[in-house]
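# Commentary on secondary and tertiary structure
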Amino acid sequence: MAEWLLSASWQRRVKAMTASAGSAGRAAVPLLLCALLAPGGAYVLDDSDGLGREFDGIGAVSGGGPNFGASLHILKVEIGGDGQTTDGTEPSHMHYALDENYFRGYEWWLMKEAKKRNPNITLIGLPWSFPGWLGKGFNWPYVNLQLTAYYVVTWIVGAKRYHDLDIDYIGIWNERSYNANYIKILRKMLNYQGLQRVKIIASDNLWESISASMLLDAELFKVVDVIGAHYPGTHSAKDAKLTGKKLWSSEDFSTLNSDTGAGCWGRILNQNYINGYMTSTIAWNLVASYYEQLPYGRCGLMTAQEPWSGHYVVDSPVWVSAHTTQFTQPGWYYLKTVGHLEKGGSYVALTDGLGNLTIIIETMSHKHSKCIRPFLPYFNVSQQFATFVLKGSFSEIPELQVWYTKLGKTSERFLFKQLDSLWLLDSDGSFTLNLHEDELFTLTTLTTGRKGSYPLPPKSQPFPSTYKDDFNVDYPFFSEAPNFADQTGVFEYFTNIEDPGEHHFTLRQVLNQRPITWAADASNTISIIGDYNWTNLTIKCDVYIETPDTGGVFIAGRVNKGGILIRSARGIFFWIFANGSYRVTGDLAGWIIYALGRVEVTAKKWYTLTLTIKGHFSSGMLNDKSLWTDIPVNFPKNGWAAIGTHSFEFAQFDNFHVEATR
């Protein structure tokens, strides 16, 4: 048997060496031959002197599937707060003080789907915005600390009560100020509710302030379990390390999911621990499922932005994730012997303490691994021979499975390809790799790795040029209508009990006060839909103003901005108001006025608005009668369709219909 293993090892090595002329086959070459070919670094992987920090997992914001693709360990979701949070608003479970609904939005569904695929996935909740009633008239969530803590705890309790979801970690306020007394009160309220197992992450911003505060405040130090920083550039602050607490990059990546984005992801997954002792890295975002022209288009690990066609793309960051996630689990430990390669790149190694070992090596070049932030100082990566020596409890490992990725030119590109396994019995636990730029290797004792296959996605299609929605859904699965993307305000399916006829089921804007904002939400509510490249279009929609005297609604076309830029959106906006006036503006804010006048409009009555934009001119109708014509429109040239209200007010929409051309 021993002779066969030695023979098999030599045969496999010769095969690997022979195949090394091709990128995909290059796994390991004989140690003696390597020494003759070129000098290289030697790296010892040893647990004799103990282990490094406990690994907490790799995740994504807003999830996982065991050994198929990304196989994420962590899903971090937004606790919807009714405000704009980069590419849209997410509804709160408590729009108003006496309101509770644990079926709004998509996060509950997403968490349950993640649990189906990975029952052990870690769940994290974090607020970006908060409903306005918590602020008592101020744009601040810390006016009443007990009330805000109560609001967050109800979300955790509701997750369990209505969806059987156990939230593992809770955050404070995404990338905004923390309040030490609030964190302490939150801990006490969690304990009072029997939620001692829920841990607190703070402060999802920078390292410095929260770390220093913890070192000076014993009670705060005690109640914060994890220090989470965003986009740390693979480094942590001195004070953060002095606390001895777990350190996480609790939001990172947010880079276009090209091969450069994949290089960014591969580099930081290793170097966040090597440089900064971060034991978890969480990508923003999980899946790019929003209109691509919104901010940070295609900045997810994969792309699925055409629900109307079903088209999706499993982008390279998914397979880069797999190099770590498929061969580790939370509860494993990093080895102390991790670090940088002599000629650029890095390596980490992790063990489960039961004999299993996983080694991840990356050689991402500066050019092909720039993340969107922060600035990346220049470094050089060049071809090198790297010898790894297994010692301690790993010295007797007989075989390692090998997985390989090469990013870059299509002709040389491989994504998560399994190579021949590496036999070590005749090499004293040593092996040498011939490493080139922009490569990833995973060498592991685990034999469970798998590159999942999936059906060819449906062909990409533009948004339908003819689109209708009458919102006639009696028991909607989701609270929001498909394809509409709320940018300020919240638009939900509504059953109008006062109208058993044509407008029994409608879409309603449900916020009556401005939320505690995270971004620069508009002063008006707005939901966009359609194809950003639409130029000529006719939008028709029934509208219902609920607020007497001051209320107002609009339909719009060629809307050119959204997300965190929504306040400055341009387009053609057709407004009617309960005070008996209409207005046509060239922007959402209403500064650019094309036309205005009087019209027979009042609250509590249905009207049909029609907006037609063709070339450089636009016209509008009220109840199918012409109200204004041939208003010149020179900018924008294209954009989405939209509906909305004049302020944070109740209003309803029905029988939405658009006919458009690109």
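Thresholds applied
Residues numbered from 1 in each chain as written. Predicted model: local features only at pLDDT ≥ 70, side-chain atom pairs only at ≥ 80, totals over all residues. Heavy atoms only, no water. UniProt positions renumbered as here; feature names shortened; annotations may be inferred. Domains from an automatic or database assignment. Contact = heavy atoms within 4.5 Å. Buried area = accessible area lost by both parts, 1.4 Å probe. Salt bridge = Lys/Arg side-chain N within 4 Å of Asp/Glu carboxyl O. Polar contact = N/O pair within 3.5 Å; in protein donor to acceptor, adjacent residues only side chain to side chain. Nonpolar A, V, L, I, M, F, W, Y, C, P; charged D, E, K, R; others polar. Patch = residues over 30% accessible without salt bridge, like charges linked within 9 Å, V, L, I, M, F, W, Y side chains within 5 Å. Areas by Shrake-Rupley, 256 points an atom, 1.4 Å probe, with all protein chains shown as cover. Helix = DSSP H or I, 4+ residues; strand = E, 2+ residues; numbered from the N terminus. Disulfide = S-S within 2.5 Å. 1 Å grid on protein atoms, 1.4 Å probe; cavity = no way out; pocket = protein on both sides within 12 Å on 5 of 7 lines; lining within 4 Å. Points joined across faces, edges and corners; volume = space filled by probe spheres on them. Pairing = 2+ DSSP bridges. Axes fitted to C-alpha atoms, helices over the stretch in contact; angles between N-to-C directions. pLDDT = per-residue confidence, 0-100. Buried < 20%, exposed > 50% of the residue type's maximum accessible area, 1.4 Å probe, protein only. Arc of directions from axis to C-beta.

- With an unreviewed UniProt entry as reference, the chain is termed Galactocerebrosidase, source organism Pongo abelii.
- Annotation of the chain in UniProt includes, under Function (unreviewed entry), the sentence "Hydrolyzes the galactose ester bonds of glycolipids such as galactosylceramide and galactosylsphingosine. Enzyme with very low activity responsible for the lysosomal catabolism of galactosylceramide, a major lipid in myelin, kidney and epithelial cells of small intestine and colon."
- The heading Subcellular location (unreviewed entry) in the UniProt record of the chain holds the text "Lysosome".

## Some points on the domain arrangement of the chain
- According to the domain assignment, the chain consists of domain 1 (46-444) and domain 2 (466-661).
- A straight line from the C-alpha centre of domain 1 to that of domain 2 covers 38 Å.
- Between domain 1 and domain 2, the contact holds 40 residues from the first and 32 residues from the second.
- Regarding the contact of domain 1 and domain 2, the summed buried area is about 2800 Å², with carbon and sulfur atoms giving 57% of it.
- Among the residues domain 1 hides against domain 2, the three largest losses belong to Gln-84, Tyr-291 and Gln-293. Together they make up 24% of the total.
- The interface formed by domain 1 and domain 2 contains 1 salt bridge.
- In this structure, the salt-bridge partner of Glu-492 is Arg-104, at a minimum N-O distance of 3.5 Å.
- Remark: the boundary between domain 1 and domain 2 carries 17 residue pairs in polar contact (both at pLDDT 80 or more).
- Looking at the side of domain 1 that touches domain 2 residue by residue, the class counts come to 20 nonpolar, 15 polar and 5 charged.

## A closer look at a nonpolar patch on the surface
- Nonpolar side chains collect at one region of the surface, where Tyr-106, Trp-109, Phe-477 and Phe-478 lie side by side and expose about 420 Å² of accessible area between them.
- Along the chain, Trp-109 falls in helix H3 (residues 107-117).

## A short note on the state of the cysteines
- A full pass over the atoms with the stated rule returns 1 disulfide.
- Residue Cys-299 stays outside any disulfide, its sulfur separated by 9.8 Å from that of Cys-264, the closest cysteine.

## Structural notes on empty space enclosed by the protein
- In this structure, the largest cavity occupies an estimated 100 Å³ of space.
- The wall of the largest cavity is formed by 14 residues, among which Gly-80, Pro-91, Arg-104, Trp-108 and Trp-155 lie closest to the centre.
- Mapped by element, the contributors of at least two residues to the lining of the largest cavity are strand E4 (74-79) and H3.
- Partitioned by chemical class, the residues of the lining of the largest cavity number 5 nonpolar, 5 polar and 4 charged.

## Some words on the sheet that holds strand E21 (residues 430-435)
- Read from one edge to the other, the open sheet built from 3 strands follows the order E1-E18-E21, with strand pairing classed as mixed. Taken across any chain shown, the strands that pair with only one partner, and hence form the sheet edges, are strand E1 (40-45) and E21. Averaged over all pairs of adjacent strands, the angle between strand axes in this sheet comes to 25°, irrespective of strand direction.
- In this sheet, E21 lies alongside strand E18 (residues 384-390) in antiparallel orientation, the contact comprising 6 bridges. Within E21, the position partnered with Thr-387 by the bridge is Thr-432.

## Looking at the confidence of the model for the chain
- Mean pLDDT over the chain works out to 93, with 93% of the residues at or above the 70 mark.
- Under a pLDDT of 50 for its full length, residues 1-38 has, in the predicted model, 59 contacts with residues more than four places off or in other chains.

## Focus on the UniProt feature "active site" (unreviewed entry) in the chain
- Listed under "active site" (unreviewed entry) in the UniProt record, and renumbered for this structure, are Glu-175 and Glu-251. The greatest C-alpha distance among the annotated residues, which extend across 77 residues, is 9.8 Å, indicating that they converge on a single site.
- If you trace the backbone, Glu-175 turns up in the loop between strand E6 (169-170) and helix H5 (180-192).
- The partly exposed category is assigned to Glu-175, whose relative accessible area is 21%.
- Sequence-distant contacts of Glu-175, that is, excluding residues within four places in its chain, are made with Ser-203, Asp-204, Asn-205, His-230, Tyr-231, Glu-251 and Trp-518.
- Among the secondary structure elements, Glu-251 is positioned in strand E9 (residues 246-253).
- Apart from the residues within four sequence positions on either side, Glu-251 is in contact with Trp-128, Asn-174, Glu-175, Ala-229, His-230, Tyr-231, Pro-232, Ile-282 and Trp-284.
- A distance of 2.6 Å separates polar atoms of two side chains, one belonging to Glu-251 and the other to Tyr-231.

## Here's the deal with the environment of Ala-283
- As for its position among the elements, Ala-283 is in strand E10 (residues 278-284).
- Relative accessible area serves as the criterion here: at 0%, Ala-283 is assigned to the buried category.
- Spatially, the C-alpha atoms of Ala-283 and Ser-254 are 6.7 Å apart, while their sequence positions differ by 29 residues.

## Overview of helix H6 (residues 208-216)
- Considered for burial, the residues of H6 that qualify are Ile-210, Ser-211 and Met-214. The buried residues of H6 occupy an angular sector of 100° when the element is viewed end-on, so they sit on one face.
- Buried residues along H6 sit against H5, strand E7 (199-205), helix H7 (218-223), strand E8 (226-230) and helix H8 (238-243).

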